[in-house]
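Here's the letter readout for the chains.
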Amino acid sequence: MKTVHTIADLRAALGTPGACAFVPTMGNLHEGHLALVRHAKRHGLPVVASIFVNRLQFAPHEDFDRYPRTLTRDSELLQGAGCDIVFAPDERELYPQPQSFKVVPDAALADILEGHFRPGFFTGVCTVVMKLFACVQPRVAVFGKKDYQQLMVIRQMTRQFALPITIEAGETSRADDGLALSSRNGYLGAAEREEAVALSRSLRALAEGFATGGQPLAQLELAAMSALAARGWQPDYLTVRRRADLLPPGSGDKAGALVVLGAARLGQTRLIDNLEF
Ligand code: PAF
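Summarised in this report is the structure supplied together with it. (Residues numbered from 1 in each chain as written. Predicted model: local features only at pLDDT ≥ 70, side-chain atom pairs only at ≥ 80, totals over all residues. Heavy atoms only, no water.)

**Some points on the overall build of the protein**
Each helix and strand counted, the protein has eleven helices and nine strands in total. Here the protein has a C-alpha radius of gyration of 19 Å; the compact-globule value for 277 residues is 19 Å, and the two agree. The proportion of buried residues among the 277 residues of the protein is 51%. The long-range share in the protein, meaning contacts at least 24 apart out of those at least 6 apart in sequence, stands at 72%. Just so you have it, the protein exposes about 13,100 Å², and 53% of that area is on carbon and sulfur atoms. (Helix = DSSP H or I, 4+ residues; strand = E, 2+ residues; numbered from the N terminus. Rg over C-alpha atoms; globule rule 2.2 N^0.38 Å. Buried < 20%, exposed > 50% of the residue type's maximum accessible area, 1.4 Å probe, protein only. Contact = heavy atoms within 4.5 Å. Areas by Shrake-Rupley, 256 points an atom, 1.4 Å probe, with all protein chains shown as cover.)

**Re the packing of aromatic side chains**
Across all of its chains, the model carries eight aromatic pairs by this definition. Here the guanidinium or amino end of Arg 66 rests over the ring plane of Tyr 187, the centre of that ring lying 4.1 Å away. Sitting over the face of the ring of Phe 121, Arg 118 holds its NZ or CZ atom 4.2 Å from the ring centroid. (Phe/Tyr/Trp six-rings, centres within 6.5 Å; stacked < 30°, edge-to-face > 60°. Lys NZ or Arg CZ within 6 Å of the ring centre and 35° of its normal.)

**Brief notes about the sheet that holds strand β7 (residues 234–242)**
In space, the three strands of this open sheet follow the order β7-β8-β9, with antiparallel pairing throughout. Each edge of the open sheet carries a strand with a single partner, namely β7 and β9 (269–276). Here the average twist between neighbouring strands, direction ignored, is 10 degrees. Direction of pairing for strand β8 (residues 258–266) relative to β9: antiparallel, over a ladder of eight bridges. Pairing of Val 260 across the sheet is with Leu 275, part of β9. (Pairing = 2+ DSSP bridges. Axes fitted to C-alpha atoms, helices over the stretch in contact; angles between N-to-C directions.)

**Looking at the site of the ligand**
Residues in contact with the ligand, as listed here, are Pro 24, Thr 25, Met 26, Asn 54, Gln 57, Val 125, Val 128, Phe 143, Asp 147 and Gln 150. Within the contact set of the ligand, an oxygen atom lies 2.7 Å away from a side-chain nitrogen or oxygen of Gln 57. Here an oxygen atom of the ligand and a side-chain polar atom of Gln 150 are 2.7 Å apart. Isolated, the ligand exposes 290 Å² of accessible area, and the fraction of that covered by the protein chains is 89%. At the level of elements, β2 (21–25) and α7 (121–136) are the ones that each hand at least two residues to the shell around the ligand. (Near = heavy atom within 4 Å. Polar contact = N/O pair within 3.5 Å; in protein donor to acceptor, adjacent residues only side chain to side chain.)

**What to know about the side chain of Lys 145**
Summarising the element assignment, Lys 145 is placed in the loop between β5 (140–144) and α8 (148–160). Within the structure, Lys 145 has its side chain in polar contact with the side chain of Glu 171 (distance 2.9 Å). Among the polar contacts listed, one links the side chain of Lys 145 to the side chain of Glu 276, at a separation of 3.0 Å. Discounting residues that sit within four places of it in the chain, Lys 145 has contacts with Leu 151, Ala 169, Gly 170, Glu 171, Thr 172, Asn 274 and Glu 276.

Put into structure tokens, the structure is as follows:
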């Protein structure tokens, strides 16, 4: 496995454009990222993983400064998973000038849910992903379903700009108790880590409540948020949406085409999760 830090070295290592599979990450890797690398490897193309903590997608009060930078360990893990090239640029390489050109996603998809609670987040994500796509020029890129809305926004961006890249979705990896793996789980103390599984359990209960019928969705969502709040969480949203556009389901939308999504803060740590049903 080769590690490169500049776009010039990346291009030299890649050779023919459009002939690799790509997994973008912010590092501090866990089994979920490695599963995406193994997914990417199915294509039989060289696999490139990027490691870049993208300032543009963090609000000033968020965890950009304390986001763990663990390149040595990440590189060992990527090598073990069969990655071929690690692209780990520093900020001056990817943003040599302040990034004044931005990719602003469709508000209907990007200003709801995560975008509502993290204004500008998806503009930061789209801008860096577009730039990484320009650097790596992959044929395939793999994004985790754990960041469900991000996956949808990137799919839409790729379609609307007619980028010659196939976006594939990797399933969410979970710990034995059901907690979705996330780099931010490392912020949790021992007691918080035990409690953290309550988010996926609440989402499952909400999905089951909706599928059973009988109670208005708004009531079920409110009850799910209140139950989490009573356990000491600060929920941003727990909600059932259509998989197609993340809008609230209408009377014709049934299980099989839905996703339940949630975001909530436990102590200082904001966790997100979702389940398709
Ligand atoms: O999902 C992530 O880790 C990031 O949002 C991404 C896609 C690498 C862009 O910085």
